[in-house]
Amino acid sequence: GGGGEPPVLSEADQARAARIVKLGKEIERAKEEKEWGLVFEGLRGVEQEQMTLALLSATSIGRVVNKLKKVEDAAVAELGRKIVKEWKALVEDK
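Residues numbered from 1 in each chain as written. Predicted model: local features only at pLDDT ≥ 70, side-chain atom pairs only at ≥ 80, totals over all residues. Heavy atoms only, no water.

Trainee: Looking at this structure, how should I read the overall build of the chain?
Mentor: Tallying secondary structure elements over the chain gives five helices and zero strands in all. Walking the chain from its N terminus toward its C terminus, one meets helices and strands in the order α-α-α-α-α. Taken over C-alpha atoms, the radius of gyration comes to 13 Å for the chain, in line with the 12 Å a tight globule of 94 residues would show. Overall, the chain is about 40 × 25 × 20 Å in size when its C-alpha atoms are taken along their principal axes. With 94 residues in all, the chain has 34% of them scored as buried. Residue pairs at least 24 apart in sequence account for 68% of intrachain contacts in the chain once pairs closer than 6 positions are excluded. Here the chain displays about 6200 Å² of accessible surface, and carbon together with sulfur accounts for 50% of that area. Here the chain contributes 17 positive and 17 negative side-chain charges, whose respective centroids are spaced 3 Å apart. (Helix = DSSP H or I, 4+ residues; strand = E, 2+ residues; numbered from the N terminus. Rg over C-alpha atoms; globule rule 2.2 N^0.38 Å. Buried < 20%, exposed > 50% of the residue type's maximum accessible area, 1.4 Å probe, protein only. Contact = heavy atoms within 4.5 Å. Areas by Shrake-Rupley, 256 points an atom, 1.4 Å probe, with all protein chains shown as cover. Lys, Arg positive; Asp, Glu negative; His and termini not counted. Charge placed at Lys NZ, Arg CZ, Asp CG, Glu CD.)

In structure tokens, the structure reads:
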């Protein structure tokens, strides 16, 4: 457990991080507008990215997705829970 050093990302991961951050912003905006179809699409995009611990901490996408577990849209909430569960497995594997 080192200090608050940001993880060093490879170039491939930097590109991935940029996509994830962009998706996160789209998800948050769609959520504010209650455009659940768009939120779901964004989540699917996030789910398809090969997530790593470094990416999770670099993008703060975990915070975005975590908030979706309790939304009124059942499909979004369910997918949000599923993704968070997958990420928790990542954390526990290390």
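Trainee: Hey, could you run me through unusual backbone geometry in this one?
Mentor: Backbone geometry follows two general trends: most residues other than glycine have a negative phi, and most peptide bonds adopt the trans configuration. Notably, K34 is not glycine yet its phi reads approximately 55 degrees, a positive angle. Along the chain, K34 falls in the loop between α1 (11-32) and α2 (36-48). Although it is not a glycine, S60 adopts a positive phi angle of roughly 50 degrees. Along the polypeptide, S60 turns up in the loop between α3 (53-59) and α4 (61-67). Under the relative-accessibility criterion, S60 is labelled partly exposed at 33%.

Trainee: Help me understand the nonpolar core, please; the structure alone is not making it clear to me.
Mentor: The nonpolar side chains of a soluble globular protein tend to be buried with one another. Core analysis: the largest hydrophobic core is formed by 24 residues, its most contacted members being L43, M51, I61 and W87. Secondary structure elements with two or more residues in this core: α1, α2, α3, α4 and α5 (74-93). Top element by residues in this core is α5. It accounts for six residues. With residues near it in sequence (within four places) discarded, I61 still touches I20, G24, V46, M51, L56 and W87. (Core = buried A, V, L, I, M, F, W, Y, C linked by side-chain atoms within 4.5 Å.)

Trainee: Mind showing me how you'd approach the confidence of the model for the chain here?
Mentor: Reading predicted coordinates in detail is not appropriate for stretches of low pLDDT. Across the chain, the average pLDDT comes to 92, with 91% of residues at or above 70. The least confident element of the chain, judged by mean pLDDT, is α3 at 92; the most confident is α2 at 97. (pLDDT = per-residue confidence, 0-100.)

Trainee: In this structure, what is going on with α5? I would like to understand it.
Mentor: Turn by turn, an α-helix covers 3.6 residues, leaving residues three or four places apart pointing in a common direction. Taking 1.5 Å of rise per residue, the 20 residues of α5 would be expected to cover 28 Å, and the 29 Å separating its terminal C-alpha atoms lies within 8% of that figure. On its buried face, α5 is in contact with α2, α3 and α4. You can read the cap of α5 off the contacts: a side-chain oxygen lies 3.3 Å from the backbone nitrogen of A75, and it is on D73. (Expected span 1.5 Å × (residues − 1). Polar contact = N/O pair within 3.5 Å; in protein donor to acceptor, adjacent residues only side chain to side chain.)

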